[in-house]
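This is what each chain is made of:
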Amino acid sequence: MSSTEAAEESTVAQAQVDGSGPPGNGSALQEPEFSVEVKLADLQADPNNPLFSAKSFEELNLSEELLKGIRQMNFRKPSKIQEKALPLLLLNPPTNMIAQSQSGTGKTAAFSLNILSRINLGLVAPQALVLAPSRELARQILGVITHMGQFIDGLKTLAAIPDPTRRGQKYEAHVLVGTPGTVTDMIRRRLIDSRNMKILVLDEADNMLDQQGMGEQCTRVKGMLPKDIQTVLFSATFPPHVINYANRFAPNANVLTLAHEELTIEGIKQLYIDIDKDSDKFATLLKFYGLMTQASSIIFVRTRKTAEELETRMVAEGHKVAQLSGALEGPERDRIIDQFRTGEAKVLITTNVLARGIDVQSVTMVINYDVPTMADGRTADPETYLHRIGRTGRFGRVGVALTFVHNKASWQQLHDIANYFKTDLHPIDTSDWDTVEEMIQKIIKSSRAGKSTKEMTSEITAGS
Ligand SMILES: Nc1ncnc2c1ncn2[C@@H]1O[C@H](COP(=O)(O)OP(=O)(O)OP(=O)(O)O)[C@@H](O)[C@H]1O
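Please read these numbers as outputs of a predicted model, since none were measured by experiment.

Participant: Give me the pattern of salt bridges: which residues, what numbers.
Facilitator: One pass over the structure, following the stated rule, counts 16 salt bridges. Here Asp334 ties to Arg135 by a salt bridge, and the two come within 3.0 Å at their closest N and O atoms. Taken together, the positions of Asp334 in helix H14 (residues 330-342) and Arg135 in helix H6 (residues 135-148) put the pair 199 residues apart, joining distant regions of the chain. Residues Glu332 and Arg335 are paired through a salt bridge, measuring 2.8 Å at the closest nitrogen-oxygen approach. Here Glu332 and its partner Arg335 are both found in helix H14, three residues apart, which amounts to about one turn of the helix. Relative accessible area serves as the criterion here: at 30%, Glu332 is assigned to the partly exposed category. A residue is classified by how much of its surface remains accessible, and Arg335, at 42% relative accessible area, is partly exposed. One network of salt bridges, in which partners are shared, links Arg135, Arg139, Asp334 and Asp338.

Participant: Please provide a residue-by-residue account of the site of the ligand, values included.
Facilitator: Taken together, 21 residues form the shell around the ligand, and within it Lys77, Thr108, Asp359, Gln361 and Arg394 come nearest. Contacts to the ligand include Gly104, whose backbone N or O atom sits 2.8 Å from an oxygen atom. Note that an oxygen atom of the ligand is positioned 2.7 Å from one of the side-chain N or O atoms of Arg394. Within the complex, 97% of the 650 Å² of free accessible area of the ligand lies under protein. Of the residues in the shell around the ligand, the class split is four nonpolar, eleven polar and six charged. When we break the shell around the ligand down by domain, the ones giving at least three residues each are domain 1 (36-260) and domain 2 (268-452).

Rules used throughout
Residues numbered from 1 in each chain as written. Predicted model: local features only at pLDDT ≥ 70, side-chain atom pairs only at ≥ 80, totals over all residues. Heavy atoms only, no water. Salt bridge = Lys/Arg side-chain N within 4 Å of Asp/Glu carboxyl O. Helix = DSSP H or I, 4+ residues; strand = E, 2+ residues; numbered from the N terminus. Buried < 20%, exposed > 50% of the residue type's maximum accessible area, 1.4 Å probe, protein only. Near = heavy atom within 4 Å. Polar contact = N/O pair within 3.5 Å; in protein donor to acceptor, adjacent residues only side chain to side chain. Areas by Shrake-Rupley, 256 points an atom, 1.4 Å probe, with all protein chains shown as cover. Nonpolar A, V, L, I, M, F, W, Y, C, P; charged D, E, K, R; others polar. Domains from an automatic or database assignment.

Take a look at the structure:
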């Protein structure tokens, strides 16, 4: 979403509840508690897994209130990024950080715990600001911070996203989470008092700094905050062309980065389907509808127009789908994402607006109806691919990412993406639909990315 879109968005009611989930959302799965814990514990005990940690949360010097919040969320052990980033973030004097970790590995908790550890509750003025690229992500992060900080007496948190119901009201809270356009506007209009800010977090930082309008807005926001602010940049991806900018934005930072080939997640089974021609894509999509509704699924398309068209055509086929793009007004967007979170809507058609950060644990299938490309529509966009498929396979869960290729150009783009991450994508054999369905069913039904799913991948390869 462009910054102008963010600024144009309107209205949100109670943003605070979104994304916070019921108590215990860290492992909220529809499977027996015992088996979940055994399998997650196995993953977290493997030093090569991004969820591994040698320490417990208790060893990370967090307050008792925060430890209670973490327990309420059912977080048993930190992930690698949480264990590594937190001690550095909590150092005094505060130091900037640029941190990278695979999708769904708990970056939100890492920066939120730092924020909640540093708030002076005696001063009801904004002290921490988190910027995110979409209203949905801002609402989600706010939900996590509020949930995590529920035992901190007097803590106030607010969303700074377009909301006409707040007209002229000051943002009187310790922590603000917002989109760059609204935040710029609110600081300028002195509705956000920026004088006591001590932490600035950019989530999906590469995306925020890269986009023309948003990058400028982030720089402008930073210019309006105290000079010695702790600047924290998090993302799963930091492509080479934004690294310099990131280093300037967060100077002298502690840097935690990963190599391209470390970025893909074991639990996400990456498949592709070769379709003869563009006009057959829709018929192929229909074949997957049954699988898509087993749990929740997201279908990513390139343009708002395709999103609308697909919705109309699928509804005409008698299917139940929801659609969300930047073309919709804020309240409508909130309604749709909330329906998707609760499972009321199981299949969501969307654009790149939801490619990043959105955490809905029940998403077991992501379909790239269009291969993600750069703005030119031709060059492959590996970062967006990674973020899109990362909407499934959250925190050790299993998911299927299925990409449609329909001509030489889209095949080449997907090939470039696979090369970039040095990962294997498995073709689906459409002549043997029953086997395909069975394989995908198996993956969807197993909830954790353990050994069993490794075996399933080889079955898929063998079966194709
Ligand atoms: N230590 C933990 N134990 C169990 N679950 C956790 C832990 N930390 C985070 N989670 C859960 O993992 C999921 C993914 O976390 P989060 O959304 O922060 O990932 P992320 O790294 O920011 O992903 P993305 O790159 O897609 O933005 C969330 O549902 C969160 O509640």
